[in-house]
Amino acid sequence: MSAELISHEPATGAELWRGAIGDVDAEVAMARANWADWAAKPVTFRIETLRRFANVVRAKTDAFADLIARETGKPLWEAKTEVASVIAKVDISVSAYSERTGQRRMEAEAGGRMALRHKPHGVLAVLGPYNFPAHLPNGHIIPALLAGNAVVFKPSEKAPASGAFLIDCLHEAGVPEGCARIVIGGPAEGKALAGHRDVDGLLFTGSAHTGLALNRQFAAMPEKILALEMGGNNPIIVWDTPDLYTAAVLVVQSAFTSAGQRCTAARRLIVDEALYEPLIGELGKIVDRLIVGAPHDNPAPFMGPVIDNETADLLTESFLELMMRGGKPIRHLQRTDDAKPFLRPGILDVTGMNDRPDIELFGPILQVVRALDFDEAIAEANNTRYGLSASLISQTPDLYNRFWANARAGIVNWNKPTNGASSGAPFGGIGWSGNHRPSAYYAADYCAYPVVSNEADAARASIGVGLREYEPE
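Rules used in this analysis
- Residues numbered from 1 in each chain as written.
- Predicted model: local features only at pLDDT ≥ 70, side-chain atom pairs only at ≥ 80, totals over all residues.
- Heavy atoms only, no water.
- Helix = DSSP H or I, 4+ residues; strand = E, 2+ residues; numbered from the N terminus.
- Rg over C-alpha atoms; globule rule 2.2 N^0.38 Å.
- Buried < 20%, exposed > 50% of the residue type's maximum accessible area, 1.4 Å probe, protein only.
- Contact = heavy atoms within 4.5 Å.
- Areas by Shrake-Rupley, 256 points an atom, 1.4 Å probe, with all protein chains shown as cover.
- Lys, Arg positive; Asp, Glu negative; His and termini not counted.
- Charge placed at Lys NZ, Arg CZ, Asp CG, Glu CD.
- Axes fitted to C-alpha atoms, helices over the stretch in contact; angles between N-to-C directions.
- Parallel < 35°, antiparallel > 145°, perpendicular 65-115°, else oblique.
- Left-handed = near helix turned anticlockwise from the far one by under 90°.
- Nonpolar A, V, L, I, M, F, W, Y, C, P; charged D, E, K, R; others polar.
- 1 Å grid on protein atoms, 1.4 Å probe; cavity = no way out; pocket = protein on both sides within 12 Å on 5 of 7 lines; lining within 4 Å.
- Points joined across faces, edges and corners; volume = space filled by probe spheres on them.
- Core = buried A, V, L, I, M, F, W, Y, C linked by side-chain atoms within 4.5 Å.
- Expected span 1.5 Å × (residues − 1).

Caption draft 1: The overall build of the chain, seen in detail. Helix and strand counts for the chain come out as 14 helices and 21 strands. Whereas a compact globule of 473 residues would reach a radius of gyration of roughly 23 Å, the chain reaches 25 Å, a difference of no more than 12%. For the chain, with 473 residues in total, the buried portion stands at 54%. Considering only contacts within the chain whose residues lie at least 6 apart along the sequence, 71% involve residues at least 24 apart. Taken as a whole, the chain presents about 21,000 Å² of accessible surface, with 51% of it coming from carbon and sulfur. Distance between charge centroids for the chain: 3 Å, based on 45 positive and 56 negative side chains.

Right under this line is the structure:
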């Protein structure tokens, strides 16, 4: 790897940013040397500092959103929504810290008292993804700093400029530079950071492939915290609904927002056989009208390109592979410019396909499965090793009750898209989607550990049983 990492705009191919490859050892050492002073500050001091960070980002909203849009290719309107989430995360994290890691005092025996408090882990590594290069790592960083940890953050090599901007805003707000560090680099730097002996834990958002490797690596290190969010092969069921246009809109929003580059995106549409033809008809009409374009285009696009040409090539190959295995194309995945990663959504009917791959195709590809009854639909929804998000479109509350009770996912929605989860709620999944350490509101749980203390103002003790009678010398 060269001494510099260069970021290019997916929509134009133009160079956007370049930065020197970081020194993992130096960054971890810096964080290790400084975290204790930050942890010793009153929590009110850390809260006030992070609220200044929110104000710094608020003042830079336009510049930050423009950078995110250019670096990821997502529409400007969506990038502005991401910046708004970065700002909102501070107050959400303050509320979560108070609720999830607050102090408690309880009466104990012999006139003592029991105290529950929480301590930071120390130095936490954060590995961020490219699809939400500010919001998702920020969802780890803010709770970690609030709890008194130092953070060493490696942004995705596909979106380093947005990560660097985020860290600069933290420093401008007064977070000590030694407590918010950044490592620019690729997979080698990420691996070195994750395995560094002087980090006390790792907070990860990314692919299942990488997450599984990290899980194996950390199996021999129970003393370190590991929080994994690894995406999904998410189902959306359409059943028993008269408004097929609205159902189709919800499917499109679930499958193709952010060019399908969301961990909560719907990858599989499961539909009542009786509704298949009319629903596909409505779905096709909407997909044909979707504007796919550059971030600043006017009119504004619904979705931009995928992150790079390599990803576009892999998605194209995956679509062809599904066809070769028996998938019947409803809308072909179209590459509108061979030199740029713009893709028009692809839809295939994969009902009855043998050996359908259980993978997360991270892009605008939707697989459709027809089901004869609702039990079959639920079984198909659960036919995955993942378990992040699932949604039911139906007018029948009893069906939703059955779906909620039986769907294997951490997010189960009704007449809503699979994506768009609130930061004010826990966010995480089961199976290959996570390791039971949900983020968002519950991030406070993995950023500090509970300490229980049995306390008394003066030492008083006696032994009433098991002693021989006192015999004076």
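Additional details are given in the paragraphs that follow.
Caption draft 2: Inspection of the packing of helix H3 (residues 61-72) against helix H6 (residues 160-173) at higher detail. Here H3 crosses H6 at 160°, and the two axes come no closer than 9 Å. Between H3 and H6, the crossing angle belongs to the class labelled roughly antiparallel. Considering the relative orientation of H3 and H6, their crossing is left-handed. Where H3 abuts H6, its residues Ala63, Phe64, Leu67, Ile68 and Glu71 lie against Pro160, Ala161, Ser162, Phe165 and Leu166. Looking at the contact of H3 with H6 residue by residue, the class counts come to eight nonpolar, one polar and one charged.

Caption draft 3: Just the layout of surface pockets, in detail. Considering only enclosed or pocket space, the largest pocket measures out at about 1,300 Å³ in volume. Ranked by residues supplied to the lining of the largest pocket, first place goes to helix H8 (residues 208-218) with seven residues. Looking at side-chain class alone, the lining of the largest pocket contains 20 nonpolar, 14 polar and ten charged residues. When its volume is computed, the second largest pocket comes out at roughly 620 Å³. Forming the boundary of the second largest pocket are 28 residues, of which Phe132, His135, Arg262, Gly420 and Ala421 lie nearest the centre. Put simply, the parts of the chain that give the lining of the second largest pocket at least two residues each are helix H4 (76-100), helix H5 (135-146) and strand E20 (439-440). Of the residues forming the lining of the second largest pocket, the biggest block, six residues, is contributed by H4. Classifying every residue of the lining of the second largest pocket by side-chain character gives eight nonpolar, 15 polar and five charged.

Caption draft 4: A look at the nonpolar core. Membership of the largest hydrophobic core comes to 70 residues, with the highest contact counts inside it found for Phe53, Leu170 and Leu202. One finds Leu279, Ile286, Leu343 and Ile365 within the second-largest nonpolar core, a separate group that totals 40 residues.

Caption draft 5: Spotlight on H4. With 25 residues, H4 extends 35 Å between its outermost C-alpha atoms, agreeing within 8% with the 36 Å of an ideal straight helix rising 1.5 Å per residue. Taken together, the buried positions of H4 are occupied by Glu78, Ala79, Glu82, Val83, Val86, Ile87, Lys89, Val90, Ser93, Val94, Ala96 and Tyr97.

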